[in-house]
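Listed here are the chains, written in short residue letters.
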Amino acid sequence: MPMSRSAGAVLLALALASVAVPASAAPSTTSAEVDYVALGDSYASGTGAGDYSDLACTRSRNAYPALWADANDPASFTFAACGGAKIPDVLDDQVGELDEDTTLVSLSIGGNDSGFASTMLSCQYSTQSACERALETAGEYVVNELPGELDGLYATVRARAPHAEVVIVGYPHLYKEGGLCLGGLSSAKRSAVNRGSDLLNETIADRARAAGFAFADGRPAFAGHEICTSDAWISGSNVHPTAEGHASAYLPAFGAAAAAS
């Protein structure tokens, strides 16, 4: 989703499915021995969560990587995730923070690459058919191009951090399905957007498993707290998790996936 760095990625997912990392890639056992690097886009940097330590990348002290580091006191923590990042940006600007001493990596990426921001604009301001056409175009990229791009990125992450546990963090469903959504999308559009989220998450999870990485699925983590619910953890104005979403959904989901690796 080509968007400004401050607007970031508008996509979908995170919860508690994980795939074991090979034993040789998981040497650390206590927080004091953990060297943690957080990579990714706006869903990792904390766009929309407030209390920013870096406005250019909208890195928030309320984002789950910073919260995890505060709670676990690792030996080192590098917050490289940046709002608006695509896979090439992670390769060019973020993976350089990884090395043989890195023991834990989180990574959220793929939403911006699929053009979801422009898709969301179509769904918010155009007809149902225009929304579905935009989602179909994004879906073709997700099926045909994204898997190879993820494979290349994941291989680079593993090569640069050969001993690290790697947790790939997915995207939540953005909207409640069914019922009224005053000031929001129609029920049909909300369902279509969530189906796009499913396709993106399934593709990311599949390539994460192929790489031997854990996957934290945001959909169950945010279930019942999507836009249009009475206690939404995703902002309807910027379509990103709020501070509460990071603390109550992403943080426990990431922590569980990391612990299970």
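Before reading on, note that the structure itself is shown above.
Our subject in this report is the structure included herewith. (Residues numbered from 1 in each chain as written. Predicted model: local features only at pLDDT ≥ 70, side-chain atom pairs only at ≥ 80, totals over all residues. Heavy atoms only, no water.)

Under the counting rule described, the total for this entry stands at 3 disulfides. Put simply, Cys 57 and Cys 82 are joined by a disulfide, and their sulfur atoms are 1.9 Å apart. Between Cys 57 and Cys 82 the disulfide shows an S-S torsion of about -85 degrees. By sign, it is left-handed. In this pair, Cys 57 sits in the loop between strand 2 (52–54) and strand 3 (59–60) while Cys 82 sits in the loop between strand 4 (76–79) and helix 3 (87–94), placing the two residues 25 residues apart along the sequence. Considered together, Cys 57 and Cys 82 belong to a single accessibility category, that of buried residues. Put simply, Cys 123 and Cys 131 are joined by a disulfide, and their sulfur atoms are 2.0 Å apart. Torsion about the S-S bond of the Cys 123 and Cys 131 cystine: about 80 degrees, corresponding to right-handed handedness. Using a relative accessible area of 0% as the deciding quantity, one classes Cys 123 as buried. Taking only the cysteines that form disulfides and numbering them from first to last, the protein has the pattern 1-2, 3-4, 5-6. (Disulfide = S-S within 2.5 Å. Helix = DSSP H or I, 4+ residues; strand = E, 2+ residues; numbered from the N terminus. Buried < 20%, exposed > 50% of the residue type's maximum accessible area, 1.4 Å probe, protein only.)

Taking 1.5 Å of rise per residue, the 25 residues of helix 7 (residues 187–211) would be expected to cover 36 Å, and the 36 Å separating its terminal C-alpha atoms lies within 8% of that figure. Of the residues one or two after helix 7, Gly 212 is the one with positive phi, at around 80 degrees. (Expected span 1.5 Å × (residues − 1).)

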